[in-house]
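Here's the letter readout for the chains.
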Amino acid sequence: MKTVSSYFEPRRALMATGLALLIGLLSACGGGTDAAPAVAAPFVPVMPVTPVIPQVLLIGNTRGNNVVSVDRATGAYIKDFIAPGAGGLVDPDDLTFGPDGNLYVSSGTNTDGKILRYDGKTGAFLGVFAQGSGMKRPYGSAFGPDGNLYVASFRSDQILKFDGKTGAFISVFATGNGTAAGLLNGPNDILFGPGAKLYVTTQGSVADGTGGISYKFDSQVLRYDVATGAGEVFAPAPTPTPNGGGYISLLGLAFGPDGLLYTTDFGGGIRSYNTASKALVQTIDTGKLFGGAISTTVGNLTFGSDGSLYAPVFNGNFVVNGVAKCSVVGAGNCQILTTNNLNLIRPIGIASPAP
């Protein structure tokens, strides 16, 4: 006969075993009667580091026969965007982004000329886009409202028109005749503006038909009606800047964020004009940007997305080359981003790629 104690003995053992298992389970989970619950470390996400990509300016080296990219904030050299001589590149005076996003670069000597096309993102050579038809030492080029490419042929005193898709020659849009009345004497840069107008800077030189030139007239800004081809003097030669080289040689053209027409002066200066009244609005004297007695030569110009004006500059002996950043509000002022960029050699052309 079983006693009461013998009846509960197995059950006591079973309960003790279950209690031991429960305590072990709680301890494994960080529980228990004496241990404090463990606190997990806070989750800190690892954020990816976004590299700082500099805003880029492309600069054409007329003595290096190449196109380089520089940091817009510092003017520091980044890389050769187009290698020296790539695609037969010679004296790249003008850089133009086309509607296809590619870069069109003027190239040529006093007796011939071509417009070369390069990939706008990589700088890879895509071929000769336009050539011949009397083109000699092309300077400015621009795509018109008709989609065609217009080219200023400096050593033949002409503006030539080419098919904007194929590069086939279409016609001579304008030509000089060796007189002041002929207007187109040494065309430099060209730019299309509102109202289907074409603006042209001229050096005042007259071509002799063989590639030679003589200086007979004033440098000025012309304006042509695209529909009729009729031209007029938009802005006569201005007064030289006090610290310039003592002469006027108007070069680059660009519209600013204020709607004014800006032009650079190879003799040292930047000016803006009201296109409605033809009035000279502002003159920025760039003649002593490098200091000392050496005047500063200004190449072409472009406006960045920050609203600032950028222009390549150099001194008379091409030893000091750099990039100028100019504010065009108020009295206007400029600063040199680099004082001696060894990767720039007589820089003239400039372009600001789309961000």
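Going by the structure above, here's the rest.
Procedures and definitions
- Position labels on residues start from 1 in each chain and follow its written sequence.
- The predicted nature of this model means local features are confined to residues of pLDDT at least 70 and side-chain atom pairs, given and counted, to a pLDDT of 80 or more, with totals for whole chains, interfaces and linings taken over all residues.
- For the side-chain quantities, the full set of heavy atoms in the structure was used; hydrogens and water were omitted.
- Helix numbers and strand numbers start at the N terminus; a helix is a DSSP run of H or I with at least 4 residues, a strand a run of E with at least 2.
- Buried means the residue's accessible area, taken with a 1.4 Å probe over protein chains only, is under 20% of the maximum for its type, while exposed means over 50%, and partly exposed covers the values in between.
- The contact definition used throughout considers only heavy atoms, calling two residues in contact when any of these lie within 4.5 Å.
- The pairing criterion is simple: DSSP has to find at least two bridges between the two strands.
- Simply put, an axis is a line fit to the C-alpha atoms, just over the touching stretch for a helix, and the angle between two N-to-C directions goes from 0 to 180 degrees.
- Any two cysteine sulfur atoms within 2.5 Å of one another count as a disulfide.
- In this text, buried Ala, Val, Leu, Ile, Met, Phe, Trp, Tyr and Cys residues form a nonpolar core when linked through side-chain atoms within 4.5 Å.

Caption draft 1: Examining the overall build of the chain more closely. Across its full length, the chain carries one helix and 27 strands. The buried share of the chain, reckoned over its 355 residues, is 47%. A separation of at least 24 residues holds for 46% of the contacts in the chain among residues at least 6 apart in sequence.

Caption draft 2: Examining the side chain of Ser308 more closely. Along the chain, Ser308 turns up in the loop between strand 23 (302–303) and strand 24 (309–315). Apart from residues no more than four positions distant in its own chain, Ser308 is found in contact with Thr302, Phe303, Lys325 and Cys326.

Caption draft 3: Quick look at the sheet that holds strand 2 (residues 66–71). A sheet is described by the order of its strands in space; here four strands give the open sequence 3-2-1-27, paired in antiparallel fashion. Edge positions in the open sheet fall to strand 3 (77–82) and strand 27 (347–351), since each of these has one partner strand only. This sheet shows a mean twist of 30 degrees between the axes of neighbouring strands, independent of strand direction. In the sheet, strand 1 (residues 56–61) pairs with strand 2 via six bridges, with the strands oriented antiparallel. Residue Leu58 lies in a different strand from strand 2, and its bridge partner there is Ser69.

Caption draft 4: Expanded view of the state of the cysteines. A full pass over the atoms with the stated rule returns one disulfide. In this model Cys326 forms its disulfide with Cys334; the gap between the sulfur atoms is 2.1 Å. On the sign convention where negative means left-handed, the S-S torsion of about 110 degrees between Cys326 and Cys334 marks this disulfide as right-handed.

Caption draft 5: Structural context of the pairing of strand 21 (residues 280–284). In this sheet, strand 21 lies alongside strand 20 (residues 269–273) in antiparallel orientation, the contact comprising four bridges. Following the sheet pairing, Arg271 is matched in strand 21 by Thr283. In this structure, the hairpin formed by strand 20 and strand 21 is closed by a connection of six residues, where Lys278 is found at a positive phi of approximately 70 degrees.

Caption draft 6: Broad picture of the nonpolar core. Among the nonpolar cores identified, the biggest contains 16 residues, and Tyr262, Ile270, Leu301, Phe303, Leu309, Cys326 and Val328 are the most heavily contacted of them. Among the secondary structure elements, those contributing two or more residues to this core are strand 24, strand 25 (321–327) and strand 26 (333–336). Excluding residues that lie within four positions of it along the chain, Leu309 makes contacts with Tyr262, Ile270, Leu301, Thr302, Phe303, Ala324, Lys325, Cys326 and Val328.

Caption draft 7: Highlighting the sheet that holds strand 12 (residues 187–193). With antiparallel pairing, four strands are arranged side by side in an open sheet as 12-13-16-17. The open sheet has two edge strands, strand 12 and strand 17 (231–235), and neither has a second partner. Within this sheet the neighbouring strands show an average axis-to-axis angle of 30 degrees, counted without direction. As judged from the six bridges shared by strand 13 (residues 197–202) and strand 16 (residues 220–225), these two strands associate in the antiparallel manner. Of the residues in strand 16, the one forming a bridge with Thr202 is Gln220.

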